[in-house]
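Below are the chains, spelled out letter by letter.
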Amino acid sequence: MLELPFNMALRFPKLDFKSFPFTENLNPELLGHVVALVAVGFTAAYIYYRAKHPKGSLDPKNFKEFKLIKKTQLSHNVARFKFALPTPSSVLGLPVGKNILARGKDSQGEEVMRSYTPITLDSNIGYFELVVKMYPNGKMSHHFRQMKEGDFLAVRGPKGRFTYKPGQVRAFGMIAGGSGITPMFQLIRAILENPKDKTKVHLVYANVTVDDILLKEELDNFANKFAQRFEVYHVLNKPPEQWNGGIGFISKEIIKSHCPEPAQDIQILRCGPPPMNKAMATHLDALGYTSNMQFEF
Ligand SMILES: Cc1cc2nc3c(=O)[nH]c(=O)nc-3n(C[C@H](O)[C@H](O)[C@H](O)COP(=O)(O)OP(=O)(O)OC[C@H]3O[C@@H](n4cnc5c(N)ncnc54)[C@H](O)[C@@H]3O)c2cc1C
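Residues numbered from 1 in each chain as written. Predicted model: local features only at pLDDT ≥ 70, side-chain atom pairs only at ≥ 80, totals over all residues.

1. Thoughts on the overall build of the chain
When helices and strands are counted, the chain shows seven helices and 12 strands. The 297 residues of the chain split such that 27% are buried. Long-range contacts, defined as pairs at least 24 residues apart, comprise 74% of the intrachain contacts of the chain with a sequence gap of at least 6. (Helix = DSSP H or I, 4+ residues; strand = E, 2+ residues; numbered from the N terminus. Buried ≥ 20, exposed ≤ 12 C-beta atoms within 10 Å, placed from the backbone. Contact = placed C-beta atoms within 7 Å.)

This is the structure we're talking about:
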């Protein structure tokens, strides 16, 4: 786009302005100034456009390397990874609902690739962050466990089938398990941080213990701050003594009480370990949610 003003500057001197009927009485010098002004205007418009629509840092076909600038251990098996973008004013360029593919090496040195959803949005300039749960025998988990500040992560994207536009549904039900919260969190943030977006969100989030709940503080803050638009219901396998959330696995009854009823203008999203996704699909089918009303990340 930047080429436009320069191309114009090269081409315009060759034009015979006198051939234009409206220019025959114009002074060529004045016309030169007008052309220069137009060129400056285009450049300013381009700079303004770029400031409003910064170019993304991802490539859907090729892996690009991003430097790890901060690793914060959140629990014994979860860490938050902050990666620098190419410049302090760069954005990642990941549409809401999309995810990235990260490439690493497992404990045997074999290449491994897995999907991740940043918990940051394109309103976060100069960096992006991942929250990653590392499983004892997980292949990519090994890579993330080994990563130190200053190391680089190879990432490709954006990818994913889910697209989001404000108002596309009246309400979302979200059923997440463990690290399956991250695609939900990205969408929840985008909805709640946009005051024009009136979409309601009902999250049911399953974990084993309280300590396993990822982004708990952020989710509870959202539920307090945006009580009219966002509700979260935690379900634990091993709850503490004082617990007013759900207990055990997410049941049909829990979905019925905490998700929007089947309707053409709602959607139930799910993301969790494969056995949980399968069980949730069975519950949703039995409750009358059609395939259009369901989406699995
Ligand atoms: C769209 C999408 C976005 C994702 N975003 C994130 C994210 O932001 N953060 C994050 O931590 N993960 C995320 N995941 C999960 C991630 O892609 C990997 O599956 C996860 O990191 C485990 O990979 P691994 O190679 O270490 O484990 P693997 O070697 O594939 O599996 C090792 C062991 O861990 C178990 N396991 C694998 N994945 C899960 C799981 N999700 N829940 C429970 N048990 C599991 C397996 O059953 C197996 O026993 C996302 C997945 C998808 C599809």
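2. What about the nonpolar core?
If you look at the biggest cluster of nonpolar residues, it comprises 55 residues, and the most contacted ones within it are M174, M184, I188, L203, V204 and Y205. Residue contributions to this core reach at least three from each of two domains, namely domain 2 (64–159) and domain 3 (171–296). If we skip the residues at most four places from it in the chain, L203 touches M174, A176, M184, I188, E231 and V232. (Core = buried A, V, L, I, M, F, W, Y, C linked by C-beta atoms within 7 Å. Domains from an automatic or database assignment.)

3. Points about the sheet that holds strand β7 (residues 171–177)
Neighbouring strands of a sheet are bound in pairs by backbone hydrogen bonds; such pairs are parallel or else antiparallel. Taken together, the six strands give an open sheet; going across it, the order is β10-β9-β8-β7-β11-β12, and neighbouring strands pair in parallel fashion. Among the strands making up the open sheet, the edge pair consists of β10 (246–247) and β12 (294–296). As judged from the seven bridges shared by β7 and strand β8 (residues 200–207), these two strands associate in the parallel manner. For A176, the partnering residue across the bridge sits in β8 and is Y205. Its contacts with the sheet place helix α4 (residues 181–192) against β7, β8, β9 (230–236) and β11 (266–271), and it is angled at close to 155° to β8. (Pairing = 2+ DSSP bridges. Axes fitted to C-alpha atoms, helices over the stretch in contact; angles between N-to-C directions.)

4. What about the sheet that holds strand β3 (residues 99–105)?
With respect to topology, six strands assemble into an open sheet ordered β4-β3-β6-β1-β2-β5, the strand pairing being antiparallel. Each edge of the sheet is formed by a strand with only one pairing partner; in this case those strands are β4 (111–116) and β5 (127–133). The sheet shows a mean angle of 35° between the axes of neighbouring strands, direction not considered. Bridge analysis of strand β1 (residues 64–75) against strand β6 (residues 152–159) gives four bridges, and the strand direction is antiparallel.

5. A look at the site of the ligand
The environment of the ligand is made up of 22 residues, and the closest members are G138, M140, S141, S179 and T182. Elements with a contribution of two residues or more to the shell around the ligand: β4, β5, α3 (139–146) and α4. Here the residues of the shell around the ligand are counted per class, giving 10 nonpolar, nine polar and three charged. Here the shell around the ligand gathers at least three residues from each of two domains, domain 2 (64–159) and domain 3 (171–296). (Near = placed C-beta within 6 Å. Nonpolar A, V, L, I, M, F, W, Y, C, P; charged D, E, K, R; others polar.)

6. Here's the deal with the environment of P183
Within the secondary structure, P183 sits in helix α4. The sequence separation of P183 and L269 amounts to 86 residues, and the corresponding C-alpha distance is 9.5 Å.

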